[in-house]
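One letter stands for each residue in the lines below.
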Amino acid sequence: SQTIHQWPATLVQPVGSPLSLECTVEGTSNPNLYWYRQAAGRGLQLLFYSVGIGQISSEVPQNLSASRPQDRQFILSSKKLLLSDSGFYLCAWSVLDRGFEMNTEAFFGQGTRLTVV
Amino acid sequence: AQRVTQPEKLLSVFKGAPVELKCNYSYSGSPELFWYVQYSRQRLQLLLRHISRESIKGFTADLNKGETSFHLKKPFAQEEDSAMYYCALRSTSGTYKYIFGTGTRLKVLA
């Protein structure tokens, strides 16, 4: 069965420090991968998505970047955190469309609560 | 541009009352539409998808292409339905992006 791991669960970082959040998927190959930020009143904002190794699409201009060094690994990074980067970050995956439309559910990790102080 | 709109941030209903959570979308094509739910301290999870035309936990949602809506309905709300509900759209070509609305918190009062 497929599983998604996201860590750490909580993180407190000072302003100006770097960030690295990791997400890995098991039990599937060539998934679509997504990073979201969840904020009250703003819902789930899509930050980045990837359809393959090294292929990253950015949805909103921001202080963050994403990388996909391996097929089932998705990393969210920042060189210097801002206070406004605080939030709840979610990683998700779904299968690529192979003509079976029933298989396009998105599966979410448990999230990382990031507090920038 | 793809967009999902959920106009209500909070919806409070009494137990046994009907529930309708509104969702409107913008997409130039035929999208896949979903409802996801997040119960307290649990992961976000799929509730139902338009293509399977199913009823899950008494909830149904009908895709209305003319009104570009995908409202979630349940005839009799239960206390255990209290949760955060997100409407989502997945593009069906090229990028297969998953876009979510801002969510509606449903509170079912005893």
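Quick caveat, the model's predicted, so the values are computed rather than measured.

Q: Sorry if this is basic, but what is going on with the environment of A:Gly87 here?
A: Note on placement: A:Gly87 falls in strand β9 (residues 87-94). In this structure, the C-alpha to C-alpha distance between A:Gly87 and A:Ser67, residues 20 residues apart in sequence, is 20 Å.

Q: Please clarify how the sheet that holds strand β3 (residues 19-21) of chain B should be interpreted in this entry.
A: The strands that make up a sheet are held in pairs by hydrogen bonds between backbone atoms, and each pair lies either parallel or antiparallel. Strand order in the open sheet formed by three strands is β3-β8-β7 (chain B), with antiparallel pairing between adjacent strands. Each having just a single partner strand, β3 and β7 (60-61) of chain B make up the two edges of the open sheet.

Q: How do you make sense of the pattern of salt bridges when you look at a structure like this?
A: If the charged atoms of two oppositely charged side chains come close together, the side chains can form a pair. What the rule picks out here adds up to seven salt bridges over all chains. A salt bridge links A:Arg68 to A:Asp71, with the nearest nitrogen and oxygen atoms 3.2 Å apart. A salt bridge links B:Lys74 to B:Asp81, with the shortest nitrogen-to-oxygen separation between them at 2.8 Å.

Q: It is not clear to me how the sheet that holds strand β8 (residues 73-78) of chain A should be interpreted in this structure. Could you clarify?
A: All names here are of chain A. Pairing is antiparallel in the open sheet, where four strands are placed in the order β1-β3-β8-β7. Every interior strand has two partners, whereas the edge strands, β1 (3-7) and β7 (65-70), have only one. Pairs of neighbouring strands in the sheet enclose a mean axial angle of 20°, with direction left out of account. Bridge analysis of β7 against β8 gives four bridges, and the strand direction is antiparallel. Paired with Ser 65 across the strands is Ser 77, a residue of β8.

Q: Help me understand the pairing of strand β5 (residues 43-52) of chain A, please; the structure alone is not making it clear to me.
A: All names here are of chain A. Of all ten residues making up β5, eight are buried, and the element is well covered by its neighbours. In this structure, strand β4 (residues 32-39) lies alongside β5, joined through seven bridges in antiparallel fashion. Each bridged residue has a counterpart across the sheet, and for Tyr 34 the counterpart in β5 is Tyr 49. Here three bridges tie β5 to strand β6 (residues 55-58), and the two strands are oriented antiparallel to one another. When the sheet's bridge partners are listed, Phe 48 is paired in β6 with Ser 58.

Q: What is the right way to read the state of the cysteines from this model?
A: Residues and elements named next belong to chain B. Counted according to the given criterion, the structure contains two disulfides over all chains. A disulfide bridge connects Cys 23 with Cys 87, and the sulfur atoms are separated by 2.0 Å. For the disulfide bridge between Cys 23 and Cys 87, the dihedral angle about the S-S bond is near -65°, and by the sign convention the bridge is left-handed. Pair noted here: Cys 23 is in the loop between β3 and β4 (24-26) and Cys 87 is in strand β9 (residues 83-90), with a separation of 64 residues, a long-range link. Each member of the pair, Cys 23 as well as Cys 87, carries the same accessibility label: buried.

Conventions used here
Residues numbered from 1 in each chain as written. Chains lettered and ligands numbered in written order. Predicted model: local features only at pLDDT ≥ 70, side-chain atom pairs only at ≥ 80, totals over all residues. Heavy atoms only, no water. Helix = DSSP H or I, 4+ residues; strand = E, 2+ residues; numbered from the N terminus. Pairing = 2+ DSSP bridges. Salt bridge = Lys/Arg side-chain N within 4 Å of Asp/Glu carboxyl O. Axes fitted to C-alpha atoms, helices over the stretch in contact; angles between N-to-C directions. Buried < 20%, exposed > 50% of the residue type's maximum accessible area, 1.4 Å probe, protein only. Disulfide = S-S within 2.5 Å.

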